[in-house]
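# Fold and geometry: a report
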Amino acid sequence: MLYLAENLKKYRIMKNLTQEDVAHFLHITPQSVSKWERAETYPDITLLPALANVFETSIDLLMGMDTIRAAETRYAIHKRATEFMHAGALGEAEKVYRDALLIYPNKPGMILGLAGVLALRNKPEEAIELIERGLPLSVNEKQKATMRAVLCFLYLQCGRQQKAQALASELPHARESREAIAPVVADNLSEAEINVHIRTLLLGEE
């Protein structure tokens, strides 16, 4: 029932129907339809075929099974790529994300996932480009904090010391905090030390 309320409203509007129209077709009250769309109550399961018929769609789509399956698919992609990353198979992880981006070109998780792999593969320029594209799209605060911290070190790798320090001064909390990152990016780090910090942030390796 996770997506039912929003889908009932979406399909009703797509069909140019009012709540009263839907209620009339189903022989119920408009108040019932209103409550369904606000997720205060749910329609009886026996009404789902009739609702799907009214909206000329399937019960699966009405229930949001397409959205659920897509989310499960994206989770499986991340899981597979992460397993490759922890096994050191970064080429395979990169391929998983590049293939996924053909299907989900604007999903921030895929964009930032590939950026993380490229950071680990010492491809900082493309990783920076992807992080800068993916961060404004992401609503996952933990993911954003981690990738901002990684971005600081990628800027260092590319000789952008001022950008690294400016970004580090804006970081929020914990391992990705300005207190943890700002003093480090101010040091004259070697390439190897930068890579250690990136691995720690992305893979949790100390």
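First, a word on what this report is: a plain description of the structure on this page. (Residues numbered from 1 in each chain as written. Predicted model: local features only at pLDDT ≥ 70, side-chain atom pairs only at ≥ 80, totals over all residues. Heavy atoms only, no water.)

## Remarks on helix α9 (residues 124-134)
If you check which residues of α9 are buried, you get Pro 124, Ala 127, Ile 128, Leu 130, Ile 131 and Gly 134. Across the axial projection of α9, the buried residues extend over an arc of 170°, all falling on one side. (Buried < 20%, exposed > 50% of the residue type's maximum accessible area, 1.4 Å probe, protein only. Helix = DSSP H or I, 4+ residues; strand = E, 2+ residues; numbered from the N terminus. Arc of directions from axis to C-beta.)

## Some remarks on the pattern of salt bridges
As enumerated under the stated definition, the model contains 13 salt bridges in all. Through salt bridges with shared partners, one network takes in Glu 94, Arg 98, Arg 121, Lys 123 and Glu 126. (Salt bridge = Lys/Arg side-chain N within 4 Å of Asp/Glu carboxyl O.)

## Considering the layout of surface pockets
Approximately 610 Å³ is the volume found for the largest pocket. Lining the largest pocket we find 26 residues, and of these His 78, Gly 109, Leu 112, Gly 113 and Gln 143 sit closest to its centre. Counting residues per element, the ones that place at least two in the lining of the largest pocket are α6 (65-86), α8 (108-120), α10 (141-157) and α13 (191-203). Split by residue class, the lining of the largest pocket holds 11 nonpolar, 11 polar and 4 charged. (1 Å grid on protein atoms, 1.4 Å probe; cavity = no way out; pocket = protein on both sides within 12 Å on 5 of 7 lines; lining within 4 Å. Points joined across faces, edges and corners; volume = space filled by probe spheres on them. Nonpolar A, V, L, I, M, F, W, Y, C, P; charged D, E, K, R; others polar.)

## Section: unusual backbone geometry
Its identity as a non-glycine residue notwithstanding, His 27 has a phi of 60°, on the positive side. Along the chain, His 27 turns up in the loop between α2 (19-26) and α3 (30-37). On the accessibility criterion, His 27 (73% relative accessible area) is exposed. In the Ramachandran plot, Ala 39 falls in the positive-phi region, its phi being about 60° despite a non-glycine side chain. With respect to the helices and strands, the residue Ala 39 is situated in the loop between α3 and α4 (48-54).

## What to know about the environment of Tyr 11
With respect to the secondary-structure elements, Tyr 11 resides in helix α1 (residues 4-14). Each C-alpha atom of the pair Tyr 11 and Val 54 lies 9.3 Å from the other, and the pair is 43 residues apart in sequence. The contacts of Tyr 11, once residues within four sequence positions are left out, are Phe 55, Thr 57, Leu 61 and Leu 62. (Contact = heavy atoms within 4.5 Å.)

## Topic: the environment of Leu 154
Take Leu 154: it is sitting in helix α10. Residue classification places Leu 154 among the buried residues on the basis of a relative accessible area of 0%. Those residues within four positions of Leu 154 in sequence are excluded, and the remaining contacts are Ala 119, Pro 124, Ala 127, Ile 128, Ile 131 and Ile 198.

## Points about the nonpolar core
Grouped together as the largest cluster of nonpolar side chains are 46 residues, with contacts concentrated most on Ile 131, Val 150, Phe 153, Leu 154, Ile 181, Ile 198 and Leu 202. Breaking this core down by element, the ones donating at least two residues are α6, α7 (90-103), α8, α9, α10, α11 (161-168), α12 (178-186) and α13. Formed by 17 residues, the second largest nonpolar core is a distinct cluster that contains Tyr 11, Leu 17, Ala 23 and Leu 51. (Core = buried A, V, L, I, M, F, W, Y, C linked by side-chain atoms within 4.5 Å.)

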